[in-house]
Amino acid sequence: MLESHSKVCLEIPSLEEVKEELVKNPDMQNISHRIKDVFYVLENFRERREGSRSRQEYVSILELDLCACYSYNSFLIQKLKNLFPLSELQEFLEANEVPRPVTIRTNALKTRRKLLAQSLINQGANVDVLNWSSVGLVAYSSGSVPLGATLEYLAGHYILQGASSFLPVVALGPKENEKILDMCAAPGGKSTHIAALMKNTGVLFSNDFNKDRTKALIGNFHRMGITNSVITSLDGRRFSKMMPHFFDRVLVDAPCSGTGIISKDEHVKMSKEERDMKRCSHLQKELILSAIDSVDAFSATGGYICYSTCSILTEENEEVIQYALNKRNVKLVSTNLTIGREGFVNFREKRFHQSMKETRRIYPHLNNMDGFFVAKLKKTSNDIPKLNKTDGKVEKNSVKKAEIQNNKNNNVKNTKNKKVGESKIKEKLKKNKKIKTKKFAELKNKKTNEKKKKIFHAKNKNS
Ligand SMILES: C[S@@+](CC[C@H](N)C(=O)[O-])C[C@H]1O[C@@H](n2cnc3c(N)ncnc32)[C@H](O)[C@@H]1O
């Protein structure tokens, strides 16, 4: 391909020809060459485009080819195209074609990472420490026994867990003796981590709406020796009414579209549509409000809500957080995570609160982990604002401000009206006065004329 790139213009078929080719005779090699060529043209469009062909045509060809090459539907490719610059988009798509490294989280309730690593290495496994976590190991290969069947695994010394799943719990920061709710907990990767950080003290409510999935939760809790927990299977939206202001911390690891875990679940590539996003986003908004309402703002040690998804779409992340900021007395605080990109403050035509920078976005092509979003909120009051808040201020205030302004305007209007009215009256009075004086003068004239007439007649009679 480098040879062809040495030419200034590349011959790329028209959009119609590409469409026809993809329907009739898709050739993967040809498609991937064309993707490279189109990227090459778009990098320096002015100089490299053919004749007067439009940028839009090249971009449309690229989208069709990316869909065909990586097996995505056009809805998802469009969404992803909005998230990344074109060159980065392909890196993301490529990263989804490769599995993420297998990671293990040591169960600190039962063992220490060093001991665990040693015993796995003794069985022939190739493991190394995950440098940013004190409990993580990366497993490059298993030993004689698969990692999900070793004695250590069965004894609950570790759990197999994607590295990015550690992050929401690190951000949540559970403390001993607290009351914590994991609202969407099954199969329990994050819940067992929370319990370990609580050192089996306090009380951990682990809830999942799906009864079948709570079976896995129970299994993991038994295996890993969790004893401070209550397992429930309820709709998370009910906690706000059932246990208002009860918890020190709540984790909402929300159900989502799974656009961050495509390497694990290829099905996501073709199955997602706009209505799925809307449905997810709606449920996520309801879950986060319920989570906020079940946290006590005056908790001595907490008052925090951590929200996470394994989606990278703004509809399920920044939009949900912005909704929570608008509806409740909460503020974004640091996740204390040292990895990941900042959340979006500006995204296409959307504007989010400046503090959205405190949220974290994890990407497979940048962090070699599943795509994830993590946000941490601090609840500042148990009151629920009656009206929406905007830009961190309660709209009620702006309504008041608007009222004051309205009153001012009305007063100005009234004074103006009054003035206008007064001058009109004055004018009328003046007019009336003029009329009256005129009439008076006329009357006077009439009377004098009559008088004059009478004198004239009298004089005539006498003569
Ligand atoms: C991303 S998964 C949770 C993974 C889990 N936190 C872990 O680390 O193992 C989302 C979970 O939310 C559950 N869920 C869906 N709707 C729910 C609802 N309305 N209330 C509570 N849980 C719900 C699903 O059954 C699913 O298990």
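Residues numbered from 1 in each chain as written. Predicted model: local features only at pLDDT ≥ 70, side-chain atom pairs only at ≥ 80, totals over all residues.

- An unreviewed UniProt entry annotates the protein as Putative 28S rRNA methyltransferase originating from Armadillidium nasatum.
- Under the UniProt heading Sequence similarities (unreviewed entry), the note attached to the protein is "Belongs to the class I-like SAM-binding methyltransferase superfamily. RsmB/NOP family."
- Turning to the protein, the UniProt annotation filed under Subcellular location (unreviewed entry) states: "Nucleus, Nucleolus". (UniProt positions renumbered as here; feature names shortened; annotations may be inferred.)

**Concerning the site of the ligand**
Consideration 1: Looking at the ligand, there are 19 residues lining it, with Cys184, Gly189, Asn210, Gly236 and Asp253 nearest.
Consideration 2: Along the lines of polarity and charge, the residues of the shell around the ligand split into seven nonpolar, six polar and six charged. (Near = placed C-beta within 6 Å. Nonpolar A, V, L, I, M, F, W, Y, C, P; charged D, E, K, R; others polar.)

**Notes on the pairing of strand β1 (residues 102-106)**
Consideration 1: By the criterion of burial, β1 is predominantly enclosed, with four of the five residues buried.
Consideration 2: Taken together, the four bridges between β1 and strand β3 (residues 136-141) define a ladder with antiparallel strand orientation. Directly across from threonine 103, in β3, lies its bridge partner valine 138.
Consideration 3: Both β1 and strand β4 (residues 158-160) contribute to a ladder of three bridges, which runs antiparallel. The residue bridging threonine 106 from the neighbouring strand is tyrosine 158, located in β4. (Buried ≥ 20, exposed ≤ 12 C-beta atoms within 10 Å, placed from the backbone. Helix = DSSP H or I, 4+ residues; strand = E, 2+ residues; numbered from the N terminus. Pairing = 2+ DSSP bridges.)

**Concerning the confidence of the model for the protein**
Consideration 1: Here the protein averages 89 in pLDDT, and 82% of its residues register 70 or above.
Consideration 2: Scored below 50 in pLDDT, residues 391-407 shows 16 contacts in the model against residues more than four places distant or in partner chains.
Consideration 3: Confidence drops under a pLDDT of 50 for residues 412-418, and excluding neighbours within four residues, the segment shows zero contacts in the predicted structure.
Consideration 4: Overall fold confidence (pTM) sits at 0.83, and the ipTM for the predicted complex is 1.00. (pLDDT = per-residue confidence, 0-100. Contact = placed C-beta atoms within 7 Å.)

**Focus: the nonpolar core**
Consideration 1: Val252 and Ile305 are the most contacted members of the largest nonpolar core, which has 73 residues in total.
Consideration 2: For this core, the element with the most residues is helix α15 (residues 274-293), which contributes seven residues.
Consideration 3: Counting only domains with at least three residues in this core, you end up with domain 2 (102-160) and domain 3 (169-384).
Consideration 4: Every residue in contact with isoleucine 305, bar those within four places of it in the chain, is listed here: Val250, Val252, Ala291, Ile292, Val295, Val330, Leu377 and Lys379.
Consideration 5: Counting 16 residues, the second largest nonpolar core, distinct from the first, contains Ile12, Leu66, Leu76 and Leu93. (Core = buried A, V, L, I, M, F, W, Y, C linked by C-beta atoms within 7 Å. Domains from an automatic or database assignment.)

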